[in-house]
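Okay, here's what each chain looks like letter by letter:
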Amino acid sequence: MSSLSFFAQNRIKTLESKIPAAATPPPAPSKLKSSFRRIAPFNFPRFSLKSLSTTKRRSRFSCNLSTFPVNTRNYEFADGASEVELRVKLESAEAIGPKDIILDARETTLTIKVQRYGLLTTVVEISRLFDRIRPSETIWYVDENELVVSLKKQDSELKWPDIVESWESLTTVAAQLLRGTSIYLVGESTEMNQLVARELSTGLGYAPIATKELLETISNQTIDSWMAAEGSESVTEAESAVFESLSTQVRAVVGTLGGKSGAACRPDKWRHLYAGFTVWLSKSDAADEASAKEEARRSFQDSGLGYSNADVVVKLQGWDADHAKPVAQAALSALKQLVLSDKKLTGNRASFMSI
């Protein structure tokens, strides 16, 4: 799979802004009181995550899925009430002062470089922080052999389990964000929906449900045999009935039938899907970011396609079953941004389930 993009529904709101290139080091502030946790190296397969764009109700986000520090050795992370703190070991026999540090803090990225023996070395490079920060309020100072960086959160209510947005950090904070709301994977491929649902259920600790397996168990025949005997409409109606049964289910990840036989393809079969968050897994022909955004706009404007009702869409160039976990991470990242952009969403879904 060469690239993937993901998009989120919501009101039109642009989160992009121009950020100062770097913050200057003021006098050392008081240290955060929370305990530190050692960060292990984070290795993630590289994908070209081109864009996260919107149409109509959708917010625009832009980010890169390849989020990992270049050098993660010897640094610690702590989450405070309104800020997070990073302590980086400066392993050098040569004395290092503020003039030897180049720190570039932006809304979702952080790069730290150190001048050593006349050479500029990148000690930390994070292309996707766990959440957005206020770059102009970044504070850093050198404390003996450590560089201490304090990053101001934009959302002080969100707890950061890690400095980077990774599979581990996303699944850790999922309980706080999703509050047990179920997730439905929809799209053209049944296999893709099921495999990504399985990865999400494992990471979140939710129950994995595949409507294909449920229907085949109930009917005691394969979906293909069912369609050959009774037609695709019969299968669609049966899966729609399954959606109704699952609409009161919490903490489940549901992989739905793909293609025209699946109920999610039909706009008139979405009533019960609104009880949970929906993720549209869609193959893309886009070759660049602009094309991906335009393709998403056209897809969402197609009111005749049920998938256009989804909360988020993950666009993939190609599909490989081995890449189900990175796709699941992209879906969870998009859902995180969606929920943070409107914190009433999970409450609204809970209200739907109680009706």
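Located above this text is the structure these notes cover.
Notes on the structure follow. Computed from a prediction, not measured in an experiment: that's the story for all the values here.

## Describing the pairing of strand β14 (residues 312-317)
- Burial of β14 is extensive: six of the six residues sit out of reach of the surface.
- Taking every second residue as pointing to the same face, both faces of β14 are buried, with V312, V314 and L316 on one and V313, K315 and Q317 on the other.
- Where strand β13 (residues 277-283) and β14 come together, five bridges link them in parallel fashion. If you follow V279 over to β14, its bridge partner there is V312.

## Notes on the pattern of salt bridges
- A complete count under the given rule lists 15 salt bridges for this structure.
- Notably, a salt bridge pairs K212 with E216, separated by 3.1 Å at the nearest N-O pair. Here the residue K212 and the residue E216 both occupy positions in helix α3 (residues 211-219), the gap between them amounting to four residues, near one helical turn.
- When its relative accessible area of 28% is taken as the criterion, K212 is described as partly exposed.
- Between K269 and E237 there is a salt bridge, with its nearest N and O atoms 2.7 Å apart. Placement of the pair is K269 in the loop between β12 (252-255) and β13 and E237 in helix α5 (residues 232-246), with a sequence separation of 32 residues.
- Looking at K269, the relative accessible area reads 12%, which means it is buried.
- Taken together, the salt bridges that share partners define one network made up of E85, R87, K89, D143 and E146.

## Regarding the packing of aromatic side chains
- Across all of its chains, the model carries four aromatic pairs by this definition.
- Taken together, a centroid distance of 6.0 Å and an interplanar angle of 50° make the contact between W270 and Y274 tilted.
- On the basis of relative accessibility, which here comes to 0%, the residue W270 falls in the buried class.
- Exposure remark for Y274: the relative accessible area of 37% places this residue in the partly exposed category.

## Structural notes on the packing of helix α2 (residues 190-204) against helix α7 (residues 324-341)
- Between α2 and α7, the shortest axis-to-axis distance is 8 Å and the interhelical angle comes to 70°. By the angle between their axes, α2 is roughly perpendicular relative to α7. For the pair α2 and α7, the crossing hand works out as right-handed. Contacts between α2 and α7 pair L195, V196, E199, L200 and L204 from the former with A324, K325, V327, A328 and L332 from the latter.
- Across the contact of α2 with α7, the residue classes break down as eight nonpolar, no polar and two charged.

## Regarding the nonpolar core
- Ranked by size, the top nonpolar core spans 62 residues in total, and within it I112, I163 and V196 carry the most contacts.
- Ranked by residues supplied to this core, first place goes to α7 with eleven residues.
- Two domains each donate at least three residues to this core, and these are domain 1 (75-152) and domain 2 (167-342).
- Setting aside anything within four residues of it in sequence, one finds V196 in contact with L185, L281, W319, A324, V327 and A328.
- Judged by nonpolar contacts, the second largest core, of 23 residues, contains V235, L246, A264 and A310.

## Looking at unusual backbone geometry
- Phi angles above zero are rare outside glycine, and R179 is one such case at about 50°.
- Within the secondary structure, R179 is located in the loop between α1 (167-178) and β10 (183-187).
- Relative accessible area serves as the criterion here: at 59%, R179 is assigned to the exposed category.
- Residue N220 is not a glycine yet carries a positive backbone phi of 60°.
- Relative to the elements of secondary structure, N220 occurs in the loop between α3 and α4 (223-230).

## Overview of the side chain of D155
- Within the secondary structure layout, D155 lies in the loop between β9 (146-152) and α1.
- A residue is classified by how much of its surface remains accessible, and D155, at 12% relative accessible area, is buried.
- One polar contact links the side chain of D155 to the main-chain amide nitrogen of E157, over a distance of 3.0 Å.
- Those residues in contact with D155 that sit more than four places away from it in its chain are D131, L340 and K343.

## Looking at the packing of α3 against α5
- Packing of α3 against α5 leaves a shortest axis separation of 10 Å and a crossing angle of 110°. The orientation of α3 relative to α5 falls into the category roughly perpendicular. For the pair α3 and α5, the sense of crossing is right-handed. Taking contact as the criterion, the partners of T211, L214 and L215 in α3 are, on α5, A238, E239, V242 and F243.
- Residue composition of the contact of α3 with α5, by class: five nonpolar, one polar and one charged.

Conventions used here
Residues numbered from 1 in each chain as written. Predicted model: local features only at pLDDT ≥ 70, side-chain atom pairs only at ≥ 80, totals over all residues. Heavy atoms only, no water. Buried < 20%, exposed > 50% of the residue type's maximum accessible area, 1.4 Å probe, protein only. Helix = DSSP H or I, 4+ residues; strand = E, 2+ residues; numbered from the N terminus. Pairing = 2+ DSSP bridges. Salt bridge = Lys/Arg side-chain N within 4 Å of Asp/Glu carboxyl O. Phe/Tyr/Trp six-rings, centres within 6.5 Å; stacked < 30°, edge-to-face > 60°. Axes fitted to C-alpha atoms, helices over the stretch in contact; angles between N-to-C directions. Parallel < 35°, antiparallel > 145°, perpendicular 65-115°, else oblique. Left-handed = near helix turned anticlockwise from the far one by under 90°. Contact = heavy atoms within 4.5 Å. Nonpolar A, V, L, I, M, F, W, Y, C, P; charged D, E, K, R; others polar. Core = buried A, V, L, I, M, F, W, Y, C linked by side-chain atoms within 4.5 Å. Domains from an automatic or database assignment. Polar contact = N/O pair within 3.5 Å; in protein donor to acceptor, adjacent residues only side chain to side chain.

That is the geometry; function is a separate question.
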